[in-house]
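Here is how the chains run, residue by residue.
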Amino acid sequence: MTDTAIPRFAGDASPYAGGDPYADHRTADFPFTHLVDLADRRLGAGVIAANDEFFAERENLLKPGPAVFDPEHFGHKGKIMDGWETRRRRGAGATEPHPTPDDHDWALVRLGAPGVIRGIVLDTAHFRGNYPQAISVEAVSLPGSPSPEDLLAPDVKWTVLVPRTAVGGHAANGFAVDAEQRFTHLRINQHPDGGIARLRVYGEVAPDPAWLDALGTFDLAALENGGQVEDASDRFYSPATNTIQPGRSRKMDDGWETRRRRDKGNDWIRYRLAAQSEIRAVEIDTAYLKGNSAGWASLSVRDGEDGDWAELLPRTRLQPDTNHRFVLDGPVRATHVRIDIFPDGGISRLRLHGSLTEGGADALAARHRELGG
């Protein structure tokens, strides 16, 4: 089910006339883009199959950053586009040259982290006259690592998230989703054919409680384990959610960096952990932040939505481009953590190692059942 209040775009865009190719790109402020992109390659997402990718390969859908347009970039099949583009469909013959109403192309997407989807953006950037007439999106939840053949089996029941809907060329086509279920895979349909530059799937990670239980000790704040950023004081240079992405940062903008403060305040991020947990060790990494890392940092915790904040780590000097490790004197129970940096700057990653409490594990398992897991 989709929200009709979301801006809609339709029809062709004007042919490219030179200059900035994004100058006439149509987009909007969608209400869900602050959430995690469940189709982020850093979380392990992938486009695992497509029925056609004649002009441009399916993997482009999940590339980070905006699609790039080079008007002189041609190959032996024609114009090379930074997106997923299929060939033009034809009808059965000369007397019926047009595709049937049911003809369409499809791609199967494995979400990097299973979760509840709140919004989808299918961006047709630079596909000005060769975008699909309409799109539809379906979702399913299957355990393990199903193959394309498993997903396409006749007994698999797909849930429609976005019904067949007309879209616009060279536009960010956004759709709010209202389906309180946990999904692992999407099927993106183009009716009848065309090209899509980027796919973004915004929502909330819903981890598998059995997996976390088997791990025992894990990173309680990590996106892939169900941690999330609730709020941050500043997102000027990069999003705060970078701090709980998988792996170490590989460049400066893969962390969190704030603008330069000219007052006496400080910057901060507030996190919600996967569930009620006991924290035993902490890592604060400033990788690739050399002249702009935070000078000092402190950590505080809260147990419950309205609990009092208590100090976990006192204000501590940070070094540039360094991973700082702290073993706590004993386990600290919490549902929320806040990092304060002084006075500004940034960190690349925050890791909070520990395990779920019995109550946290029970709550996570109950939520998993509610979502159909």
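Cut-offs applied
- Residues numbered from 1 in each chain as written.
- Predicted model: local features only at pLDDT ≥ 70, side-chain atom pairs only at ≥ 80, totals over all residues.
- Heavy atoms only, no water.
- Helix = DSSP H or I, 4+ residues; strand = E, 2+ residues; numbered from the N terminus.
- Rg over C-alpha atoms; globule rule 2.2 N^0.38 Å.
- Contact = heavy atoms within 4.5 Å.
- Areas by Shrake-Rupley, 256 points an atom, 1.4 Å probe, with all protein chains shown as cover.
- Lys, Arg positive; Asp, Glu negative; His and termini not counted.
- Charge placed at Lys NZ, Arg CZ, Asp CG, Glu CD.
- UniProt positions renumbered as here; feature names shortened; annotations may be inferred.
- Polar contact = N/O pair within 3.5 Å; in protein donor to acceptor, adjacent residues only side chain to side chain.
- Salt bridge = Lys/Arg side-chain N within 4 Å of Asp/Glu carboxyl O.
- Buried < 20%, exposed > 50% of the residue type's maximum accessible area, 1.4 Å probe, protein only.
- Core = buried A, V, L, I, M, F, W, Y, C linked by side-chain atoms within 4.5 Å.
- Phe/Tyr/Trp six-rings, centres within 6.5 Å; stacked < 30°, edge-to-face > 60°.
- Expected span 1.5 Å × (residues − 1).
- Arc of directions from axis to C-beta.
- 1 Å grid on protein atoms, 1.4 Å probe; cavity = no way out; pocket = protein on both sides within 12 Å on 5 of 7 lines; lining within 4 Å.
- Points joined across faces, edges and corners; volume = space filled by probe spheres on them.
- Nonpolar A, V, L, I, M, F, W, Y, C, P; charged D, E, K, R; others polar.

Colleague: Go over the overall build of the chain, please, and point to the residues and values.
Modeller: From N to C terminus, the chain includes 3 helices and 21 strands. For the chain, whose C-alpha radius of gyration is 23 Å, the value lies close to the compact-globule estimate of 21 Å for 373 residues. If one aligns the C-alpha atoms of the chain with their principal axes, the spans along those axes are about 80 × 50 × 35 Å. For the chain, long-range pairs separated by at least 24 residues make up 79% of all intrachain contacts whose partners lie at least 6 apart in sequence. Carbon and sulfur atoms form 49% of the exposed surface of the chain, whose accessible area is close to 17,700 Å². In the chain, which carries 44 positive and 55 negative side-chain charges, the distance between the mean positions of the two groups comes to 4 Å.

Colleague: Tell me about the UniProt feature "domain: Allantoicase" (unreviewed entry) in the chain, and name the residues and values.
Modeller: Feature annotation in UniProt places "domain: Allantoicase" (unreviewed entry) on residues 44-205 and 226-355, given in this structure's numbering. Each end of residues 44-205 is marked by a C-alpha atom, and these two atoms are 13 Å apart; helix forms 2% of the span and strand 43%. The span residues 226-355 is 0% helical and 54% strand by assignment, and the distance between its end C-alpha atoms comes to 13 Å.

Colleague: Please provide a residue-by-residue account of the environment of Thr316, values included.
Modeller: With respect to the helices and strands, the residue Thr316 is situated in strand E18 (residues 310-317). Counting along the chain gives 19 residues from Thr316 to Ala297, while the straight-line C-alpha distance between them is 5.4 Å. Setting aside its immediate chain neighbours within four residues, Thr316 contacts Gly295, Trp296, Ala297 and Phe326. A polar atom in the side chain of Thr316 sits 2.6 Å from the backbone oxygen of Pro314.

Colleague: A description of the pattern of salt bridges should follow, citing residues and the corresponding values.
Modeller: Taken as a whole and assessed by the stated rule, the structure comprises 29 salt bridges. Between Glu53 and Arg58 there is a salt bridge; the shortest N-O distance is 2.6 Å. The exposure class assigned to Glu53 is partly exposed, which follows from its relative accessible area of 28%. The closest approach of N and O atoms between Glu278 and Arg280, which form a salt bridge, is 3.5 Å. You can call Arg280 partly exposed: its relative accessible area is 33%.

Colleague: Which residues make up the nonpolar core, and what values go with them?
Modeller: In this structure, Ile279 and Ile284 are the most contacted members of the largest nonpolar core, which totals 74 residues. Of the residues forming this core, the biggest block, 7 residues, is contributed by strand E6 (residues 105-123).

Colleague: I'd like a rundown of the packing of aromatic side chains, residues and numbers included.
Modeller: What the rule picks out here adds up to 5 aromatic pairs. Arranged with centres 5.9 Å apart and planes meeting at 35°, the rings of Phe32 and Tyr202 form a pair that is tilted. On the criterion of sequence distance, the pair formed by Phe32 in the segment before strand E1 (36-37) and Tyr202 in strand E12 (residues 198-205) is long-range, its members being 170 residues apart. Note on accessibility: Phe32 and Tyr202 belong to one class, buried. Geometrically, the ring pair formed by Phe236 and Tyr237 is edge-to-face, given 4.8 Å between the ring centres and 85° between the ring planes.

Colleague: So, helix H3 (residues 358-370): which residues are in play, and what are the values?
Modeller: Structural remark: α-helix, 3.6 residues per turn; residues separated by three or four positions point the same way. With 13 residues, H3 extends 19 Å between its outermost C-alpha atoms, agreeing within 8% with the 18 Å of an ideal straight helix rising 1.5 Å per residue. Every buried residue belonging to H3 is among Gly360, Leu364 and His368, and all of these are buried. All buried residues of H3 lie within an arc of 75° about the axis, which places them on one face of the element. Opposite the buried face of H3, by more than 90 degrees, sit the exposed residues Glu358, Arg369 and Glu370. On the buried face of H3, the contacting elements are helix H2 (209-215), strand E16 (267-285) and strand E21 (349-356).

Colleague: Can you tell me about the layout of surface pockets, naming the residues and giving the values?
Modeller: One way to see where empty space is left: roll a probe the size of a water molecule over the atoms. Taken as a whole, the largest pocket spans an internal volume of roughly 1,400 Å³. If you list the elements that add at least two residues to the lining of the largest pocket, you get E1, E6, E12 and strand E14 (228-232). Here the lining of the largest pocket gets 3 residues from one element, more than from any other, and that element is E12. Here the lining of the largest pocket is composed, by residue class, of 19 nonpolar, 10 polar and 16 charged. Considered as a void within the structure, the second largest pocket measures approximately 590 Å³ in volume.

Colleague: Go over unusual backbone geometry with me, naming the residues and quoting the values.
Modeller: A cis amide bond links His191 with the next residue in sequence, Pro192, at an omega value of -10°. Secondary-structure assignment places Pro192 in the loop between strand E10 (183-191) and strand E11 (195-196). The amide bond that connects Phe342 to the next residue, Pro343, takes the cis arrangement and shows omega of -15°. Among the structural elements, Pro343 can be located in the loop between strand E19 (323-342) and strand E20 (346-347).

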